[in-house]
Amino acid sequence: MALVQCKEYAHVHQDTEEANCAAGLIYSQCGPILQQTCQNPGYSNATCVAGCFCPRGLVKQDGKCIQLDQCPCMYDGEYLAAGEETVSANEGSSYATACKCQNGQMNCAAKKYSRIRCAAYGDPHYKTFSGYRYDFMGQGTFRMVKSDEIEIFAHNAGCPYSWSATSCIDSVTIKINNTNKTAAIVLGKHSEVKVNDKYMNDLPMYVLGDYTLISKPSSSKTSVIFKNGWRVYWNGKDALQVDITSLYSGDLNGLCVSPKSQYTRHKRSTETHMKDWLMATAKESCNGEGCNQIEKALNLPHPCNKNATSKKQAEANCAKLKTAFTTCHEKIISENYYNDCMYDVCAFDGDIQLGLCPSFEAYANECSQKGSVNNWRQSVEECVIECPPGQVYEECSTECYRSCSDLQLVQRNCSRDCIDGCRCPKGEALDNSSHCIPIEICPGNYSIPIFNSVSMNNTEIKYVYRKYHKISGVMNPIKTYRIFHQCIQWNRNS
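Here the structure is a predicted model, which means the values were calculated and not measured.

S.K.: How would you summarise the environment of Gly209 if you had to cite specific residues and measurements?
M.R.: Note on placement: Gly209 falls in the loop between β19 (205-207) and β20 (212-218). Taking the relative accessible area as the measure of exposure, Gly209 reaches 23% and is therefore partly exposed. Along the sequence, Gly209 and Lys181 sit 28 residues apart, while their C-alpha atoms lie 9.8 Å from each other.

What follows is the structure, given as structure tokens:
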């Protein structure tokens, strides 16, 4: 086809040489030599050719002519629809990178954000994202929060060593649906972790590429950190914390999401409204045998009214909250946690360790968020944590690593949250045998598993091990692959 010079891209009347153009395209004897597309929307009239083209003002995408503002964008290996937004939290910073698909291009800007927390602890006591507090002893599996991509559940069962009406969180399930890839993470007792029903012993590990990172920042916490800035912390026994960012603008629902706009100045009206919300939300989010007992669980008598001896023990010991956190009382009112302590000690028939420590830990976590560290366990002997040999207890560690395998995550996924628990002394990290060694002699090669579900029929699971090799102090990633085939039970009669 010969090139011709022309100064204007215009539709030329059809003649005998006109090609048969597909729907939406028009014939021109002088169209651009490079077809305008979403990825290359620029137009040049320096040279032209005859053929079928999108009308002026439209671009070609997947064989169709569309407006430029309808173009999708390629971002992180996936297509985003026009107008779709994505937010990536910048660890160690109060700013996130917010990007929006506009005219086929991702336009990004830094946005300031904060994290807000929902907490559930004890048997159990709840504090929602908006700060509303309530007690709910229902047994079953309850949705804590659900967004478009992340759904978090707490499984509540009867508390051990307690009167039968109470319940405690004994596991957490996180369901992820990100760009048509799915995964289910279960955080169980004693720091057990399962991904898609498979036990995972090697932490840290990635799930669905680098969208999710599971790690163990201290002996007492397992964390799940999402690329959008959301975080989940689980202490392996009875306490769950869920952090979301203030940048999230989508719809949320669950036990963590109490309404804010319905509060009134009349306490009775507010309490009635919130009780109605809790009843409806608990029923809607419940799954399990205890779902038909929700109304009963919301109207249980206070356990201190049943046992005068336990009440006296609770009063004497829960009063330690006022002396163990002297630097925090001006920042966080302790009355709510004192009341939770009273409830739990009585519910556990006067057992101080089981009843008192969860409420004190919850108060300490909120204090540390406000910059108040009290080393409270030193004055409450029932809650002292004994560390393994060579490790030390820290109420507020902000180190970005705990083990040698954590070291390569420092730059991108450094937590810098205040985390309590046992860890190696400063300058040391755990090796593969859980012994503390100087970080300078940590092995030079690490393998961080990446769990990806790659088969639509769930018969094949692919693990990508991102290996790191230390060269001149810099960790360089290398990817290797292992593929495991799940067993399929065949029916001989089929």
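S.K.: Explain the sheet that holds strand β14 (residues 150-158) residue by residue, including any values.
M.R.: Across the sheet, which stays open at both edges, the seven strands sit in the order β18-β17-β16-β15-β14-β13-β24 with antiparallel pairing between neighbours. Edge positions in the sheet fall to β18 (198-199) and β24 (286-287), since each of these pairs with one other strand and no more.

S.K.: Hey, could you go over helix α5 (residues 335-347) for me, with residue numbers and the actual values?
M.R.: Compared with an ideal rise of 1.5 Å per residue, which puts 13 residues at 18 Å, α5 spans 18 Å between its outermost C-alpha atoms and is within 8% of the ideal. When we look at burial in α5, the residues that qualify are Tyr337, Asp340, Cys341, Met342, Tyr343, Asp344, Val345, Cys346 and Ala347. Where α5 is buried, its residues touch β10 (115-121), β11 (125-127), β12 (133-135), α3 (308-318), α4 (320-324) and α6 (352-369). After α5 finishes, the residue Asp349 shows a positive phi value of roughly 55°.

S.K.: How would you sum up the nonpolar core? Please name residues and give values.
M.R.: Of all hydrophobic cores here, the largest spans 48 residues; its most connected members are Phe136, Met144 and Ile174. Considering every element that reaches this core, the biggest residue donor is helix α1 (residues 267-285), with five residues. Apart from the residues within four sequence positions on either side, Ile174 is in contact with Ile150, Glu151, Ile152, Ala183, Ala184, Ile185, Leu187, Val224, Phe226 and Val232. Ranked by size, the runner-up nonpolar core spans 26 residues in total, among them Ala239, Cys346, Cys367 and Cys383.

S.K.: So what's going on with the pairing of strand β9 (residues 105-112)? Which residues, and what values?
M.R.: As defined by bridge partners, strand β8 (residues 95-102) adjoins β9 across eight bridges and the pair is classed as antiparallel. What sits directly across from Cys99, in β9, is Cys108. As consecutive antiparallel partners, β8 and β9 are separated by two residues, and within that stretch Asn103 has a phi angle of approximately 55°, a positive value.

S.K.: Could you give an account of the state of the cysteines, with specific residues and numbers?
M.R.: Throughout the structure, instances matching the rule amount to 17 disulfides. Between the sulfur atoms of Cys21 and its disulfide partner Cys52 the distance amounts to 2.1 Å. Between Cys21 and Cys52, the S-S dihedral sits near -85°, and the bridge is therefore left-handed. One end of the pair, Cys21, is in the segment before β1 (26-32); the other, Cys52, is in strand β2 (residues 48-53), and 31 residues separate them in sequence. The exposure class assigned to Cys52 is partly exposed, which follows from its relative accessible area of 23%. A disulfide bridge connects Cys73 with Cys101, and the sulfur atoms are separated by 2.1 Å. Between Cys73 and Cys101 the disulfide shows an S-S torsion of about 85°. By sign, it is right-handed.

S.K.: Go over the packing of α5 against α6 with me, naming the residues and quoting the values.
M.R.: As a packed pair, α5 and α6 sit with axes 8 Å apart at the nearest point and diverge in direction by 160°. The pairing of α5 with α6 is recorded here as roughly antiparallel in orientation. The crossing of α5 and α6 is right-handed. Residue-level inspection shows Tyr337, Asp340, Cys341, Asp344 and Val345 of α5 in contact with α6, the latter providing Ile352, Gly355, Leu356, Ser359, Phe360, Ala362, Tyr363 and Glu366. In the contact of α5 with α6, the residues fall into eight nonpolar, two polar and three charged.

Analysis parameters
Here the residue numbers are simple positions, counted from 1 along each chain's written sequence. Local features in this predicted model are restricted to residues whose pLDDT is 70 or higher, and side-chain atom pairs enter the listing and the counts only when it is 80 or higher, whereas totals over whole chains, interfaces and linings include all residues. Here the side-chain values reflect all heavy atoms present in the structure, with hydrogen atoms and water set aside. Helical segments are the DSSP runs of H or I of at least four residues, strand segments are the runs of E of at least two, and each set is numbered from the N terminus. Summary of the burial criterion: residues with accessible area below 20% of their type's maximum are buried, those above 50% are exposed, and those between are partly exposed, where the area comes from a 1.4 Å probe applied to protein chains only. Criterion used throughout: strands pair if DSSP finds at least two bridges between them. Expected helix span is taken as 1.5 Å per residue step, with the number of steps being one fewer than the number of residues. Residue contacts are defined here by distance: any two heavy atoms, one from each residue, within 4.5 Å place the two residues in contact. In plain words, nonpolar cores are sets of buried Ala, Val, Leu, Ile, Met, Phe, Trp, Tyr and Cys residues tied together by side-chain atoms within 4.5 Å. We call a pair of cysteine sulfur atoms a disulfide whenever their separation is within 2.5 Å. A fitted line through C-alpha atoms represents every axis, and for helices the fit uses only the stretch in contact; the resulting angles, taken between N-to-C directions, go from 0 to 180 degrees. In this scheme, roughly parallel covers angles under 35 degrees and roughly antiparallel covers those over 145, while 65 to 115 is roughly perpendicular and the rest are oblique. Each crossing gets its hand from how the near helix is turned against the far one by less than a right angle, where anticlockwise is left-handed and clockwise is right-handed. Under the grouping applied here, Gly and all other residues not named as nonpolar or charged are polar, the nonpolar ones being Ala, Val, Leu, Ile, Met, Phe, Trp, Tyr, Cys and Pro and the charged ones Asp, Glu, Lys and Arg.

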